[in-house]
Amino acid sequence: MSSATPTPLTKALIYGGKTGWIGGKMADLLKSKGIEVVLASARVENREAVASELDAVQPSHVLMAAGITGRPNIDWCEDHKPDTIRTNVIGTLNLADLCNERNIHCTVYATGCIFKYDDKHPLGSGIGFTEEDVPNFDESFYSQTKGYMEPMLKCYPNCLILRVRMPISDDLSHRNFITKIVKYERVVNIPNSMTVLYEMLPASLAMFEKGLTGVYNFCNPGVISHNECLDLYTKYVDPTYTYKNFTLEEQAKVLKAGRSNNELDATKLMRDLPEDVKVNDIKTAVELCMQRMQKNLTEEFGELPDGLPKEVRKNQ
């Protein structure tokens, strides 16, 4: 839904903007549009500090991009459950609640990793989970905390909740889904909904500027498999790269926590986006992303693939 008269976007306070990946990208994007940006200092679990910061900064909009995903991956959360709850549950609710008290629009960059293919949404069927579907994936503690959060966040009329999935960027950030799987010895090959940040982060700006609230599947339409992603990486970035597949059962033996695989329905997102916002289907978006990555990495490292850092050239 959208508010009747959205607050003009004049100043954004970003939690997770100092060290976070998506928060940092949003800060750069907003600054490029001439919007005043403040990178939050308060830790979201500290309610009093957040309240003081909101009152001191008086933002028109708040972005919540702070969250614990674990290092090097979400398996970390299995052994650090209180830490995970403190930020992902208590901190997020603190911020949503305090913003609501002050009538400030709050955008939460959440996750769509709270579903798995099931009988009503079979793999390869093209039937995606909608914003009304109840989370059905709890095989990782990270996803459990996110699954708790969404129904509570939906109670706040000031919140825009964006279900991000397997985010992809055109650089070698360790958070980039492509960079992650390039480094794996073996990968599963399952079609999934994914979020290409180059297209979707400007879309999020348009959404909170429009005053949209509620839950949105925040992914490019359609699905793409791990192999399709890696084939495009090979085509544009590193022709020498090779990979091997393994099954979900084999993957489960080397992971502490399960991994979500799903398709999210982008109908509501595409319906409510402003007309001037361009979002491609996921296969087109990833191919364009790999073309940009080729250009960006060539400028940064020199001729590819020889100039690539060693950590992404496991075959050498």
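The structure reproduced in this document is the subject of the present report. Remember, it's a predicted structure, so these values are computed and weren't measured experimentally.

Helix and strand content of the protein chain: 11 helices and eight strands. Relative to a compact globule of 316 residues, whose C-alpha radius of gyration would be 20 Å, the protein chain shows 19 Å and is just as compact. Expressed as a percentage of its 316 residues, the buried residues of the protein chain come to 54%. Of the roughly 14,300 Å² that the protein chain leaves accessible, carbon and sulfur atoms contribute 51%. Between the centroid of the 36 positive side chains of the protein chain and the centroid of its 42 negative side chains there is a distance of 3 Å.

This part is about the packing of helix α4 (residues 81–101) against helix α5 (residues 141–153). The contact between α4 and α5 brings their axes to 10 Å, and the two run at 15 degrees. In terms of orientation, α4 and α5 fall into the roughly parallel class. As for the relative orientation of α4 and α5, their crossing is right-handed in sense. The residues of α5 that touch α4, namely those facing Lys 81, Thr 84, Ile 85, Asn 88, Val 89, Thr 92, Leu 93 and Ala 96, are Phe 141, Tyr 142, Thr 145, Lys 146, Tyr 148, Met 149, Met 152 and Leu 153. Across the contact of α4 with α5, the residue classes break down as 10 nonpolar, four polar and two charged.

Now for the nonpolar core. By size, the foremost hydrophobic cluster in this structure holds 29 residues, and its most contacted members are Ile 22, Met 26, Leu 30, Tyr 109, Met 207 and Phe 208. Those elements that place two or more of their residues in this core are β1 (11–15), α1 (21–32), β5 (159–164) and α7 (197–210). For this core, the element with the highest residue contribution is α7, accounting for seven residues.

A few words on helix α11 (residues 282–301). An ideal rise of 1.5 Å per residue puts 28 Å on 20 residues; α11 measures up with 27 Å between its terminal C-alpha atoms. Ile 282, Ala 285, Val 286, Cys 289, Met 290, Arg 292, Met 293 and Leu 297 are the residues of α11 that are buried. Those residues of α11 hidden inside the fold are in contact with α6 (177–182), α7 and α8 (226–236). A distance of 3.1 Å separates the backbone nitrogen of Lys 283 from a side-chain oxygen at the start of α11, and that oxygen is part of Asp 281. Among the residues trailing α11, Gly 302 stands out with phi positive, at a value near 100 degrees.

The rules behind the values
- Residues numbered from 1 in each chain as written.
- Predicted model: local features only at pLDDT ≥ 70, side-chain atom pairs only at ≥ 80, totals over all residues.
- Heavy atoms only, no water.
- Helix = DSSP H or I, 4+ residues; strand = E, 2+ residues; numbered from the N terminus.
- Rg over C-alpha atoms; globule rule 2.2 N^0.38 Å.
- Buried < 20%, exposed > 50% of the residue type's maximum accessible area, 1.4 Å probe, protein only.
- Areas by Shrake-Rupley, 256 points an atom, 1.4 Å probe, with all protein chains shown as cover.
- Lys, Arg positive; Asp, Glu negative; His and termini not counted.
- Charge placed at Lys NZ, Arg CZ, Asp CG, Glu CD.
- Axes fitted to C-alpha atoms, helices over the stretch in contact; angles between N-to-C directions.
- Parallel < 35°, antiparallel > 145°, perpendicular 65-115°, else oblique.
- Left-handed = near helix turned anticlockwise from the far one by under 90°.
- Contact = heavy atoms within 4.5 Å.
- Nonpolar A, V, L, I, M, F, W, Y, C, P; charged D, E, K, R; others polar.
- Core = buried A, V, L, I, M, F, W, Y, C linked by side-chain atoms within 4.5 Å.
- Expected span 1.5 Å × (residues − 1).
- Polar contact = N/O pair within 3.5 Å; in protein donor to acceptor, adjacent residues only side chain to side chain.

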